[in-house]
Amino acid sequence: MTKKKNIYIVGGGKLLFELSKQLIRKKNLSVLCLVSKRHSAEIINENNLKTNLSKSNIPFKQISNINTYQFKNVSKDSIIISISCPWIINKKILNLFKFNVFNMHGTRLPRDGGGGNITWQILRGNKRGCVLIHQIDNLIDTGPIVSYKEFDYRNCEIPSDYYKVYNKYALELLNKFISNITQKNKLTLYKQTPFFQTYFPRLSTKIHAYIDWSYKIENLYRFICAFDDPYPGAHTYINNKKIYLKKAFIDYEEHFFHPFQYGIVYYKNSEYIS
């Protein structure tokens, strides 16, 4: 009887859920999802991640930190796949898994390491997409690249548009990668070039999405889009009341505005404000 390969999927989000749903159907794999409390509460398809995993009979555990989790029966064929993992995996675990620890990243490394990738892309007006798998080393997003796929976000405006395209290509890449691993095909590792490395931090809508009305119109539009669905929205204050803005668009045909007029609400109805 063929021994099953142990796969630990660590992190959260819709991509983790969709991948684990596909992998548990494979008879040669033993899958366990390790999720944080924050990721467990994320809403995916009307339910939170914890509920979705339970209803789909996907084995999972909610943990406080992967670095204190007690792994059992780790063999030379065991692997970890990180998808939006909230923890920096320490060297003890990397050694335990013989460095068979891999991360799914959403940009072209070594450019744009770190978190908040899609929001940063929208702010820059960058429509070039990439899904990438790299081996994890003891630093952040610096390990050798195993596989990648480039595409474009041509018709995408807000994060939910980007995620729909991103998840499609990421799921394809991960399935192909896991198939190669289970068939014991030799991996080709491509070392990253530090000279091109950049790093952007994770973002929090609650902290970082306050609108600066002095932005030029294109930058203001991108800023509001960058924190649109599935996030709460960019925010500002009207009469000391905090409001959230979504579904922004630029209308060049209406008027030309002097910078002094930025931020003034000059028209509103039940559907939108201008």
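Residues numbered from 1 in each chain as written. Predicted model: local features only at pLDDT ≥ 70, side-chain atom pairs only at ≥ 80, totals over all residues. Heavy atoms only, no water.

Caption draft 1: Quick look at the packing of helix α1 (residues 13–23) against helix α6 (residues 159–182). The geometry of α1 relative to α6 is characterised by a closest axis approach of 10 Å and an angle of 40 degrees between their N-to-C directions. One finds that α1 runs oblique with respect to α6. The chirality of how α1 crosses α6 is right-handed. Contacts from K14, L15, E18, L19, Q22 and L23 in α1 reach Y166, N167, A170, L171, L174, N175 and I178 in α6. Tallied by class, the residues present in the contact of α1 with α6 amount to 8 nonpolar, 3 polar and 2 charged. (Axes fitted to C-alpha atoms, helices over the stretch in contact; angles between N-to-C directions. Helix = DSSP H or I, 4+ residues; strand = E, 2+ residues; numbered from the N terminus. Parallel < 35°, antiparallel > 145°, perpendicular 65-115°, else oblique. Left-handed = near helix turned anticlockwise from the far one by under 90°. Contact = heavy atoms within 4.5 Å. Nonpolar A, V, L, I, M, F, W, Y, C, P; charged D, E, K, R; others polar.)

Caption draft 2: How the structure looks around the pairing of strand β9 (residues 128–135). Across the 8 residues of β9, 7 count as buried, placing the element largely inside the fold. Bridge count between strand β7 (residues 101–105) and β9: 4 bridges; the pairing is antiparallel. Across the sheet, residue N103 finds its bridge partner in β9, namely H134. (Buried < 20%, exposed > 50% of the residue type's maximum accessible area, 1.4 Å probe, protein only. Pairing = 2+ DSSP bridges.)

Caption draft 3: A look at the pattern of salt bridges. Here the structure, examined in full by the defined rule, presents 10 salt bridges. The partner of E157 in a salt bridge is K127, with the nearest N and O atoms 3.9 Å apart. One end of the pair, E157, is in the loop between β10 (145–152) and α6; the other, K127, is in the loop between α5 (117–124) and β9, and 30 residues separate them in sequence. For E172, the salt bridge is made with K168, and the minimal N-O distance between the two is 3.5 Å. Here E172 and its partner K168 are both found in helix α6, 4 residues apart, which amounts to about one turn of the helix. Relative accessible area serves as the criterion here: at 44%, E172 is assigned to the partly exposed category. Three or more residues are tied together by salt bridges with common partners; here these are D228, D229, K246 and K247. (Salt bridge = Lys/Arg side-chain N within 4 Å of Asp/Glu carboxyl O.)

Caption draft 4: Structural detail: the packing of aromatic side chains. Within this structure, the stated rule accounts for 14 aromatic pairs. An angle of 85 degrees between the planes, with centres 5.2 Å apart, marks the rings of F151 and Y153 as edge-to-face. Both residues of the pair, F151 and Y153, count as buried. Consider the rings of F223 and F227, whose centres lie 5.1 Å apart with planes at 55 degrees: the pair is tilted. Here the two residues F223 and F227 agree in accessibility, since each one is buried. Grouping aromatic residues by their ring pairs yields a cluster made of Y8, Y69, F71 and F97. (Phe/Tyr/Trp six-rings, centres within 6.5 Å; stacked < 30°, edge-to-face > 60°.)

Caption draft 5: Layout of the environment of G114. When you line up the elements, G114 lands in strand β8 (residues 113–114). Look at G114 and you get buried, because its relative accessible area is 15%. Considering only alpha carbons, one finds G114 and I140, 26 residues apart in sequence, at a separation of 7.3 Å. Leaving out residues up to four positions away in the same chain, G114 has contacts with H105, D141, Y199 and F200.

Caption draft 6: How the structure looks around the sheet that holds strand β5 (residues 60–62). The strand order across the open sheet formed by 7 strands is β5-β2-β1-β6-β7-β9-β10, and the pairing between neighbours is mixed. Among the strands making up the open sheet, the edge pair consists of β5 and β10. Strand-to-strand, the axes of this sheet are offset by a mean angle of 15 degrees, without reference to chain direction. In this sheet, strand β6 (residues 79–83) lies alongside strand β1 (residues 5–11) in parallel orientation, the contact comprising 5 bridges. Across the sheet, I9 pairs through a bridge with I81, a residue of β6.

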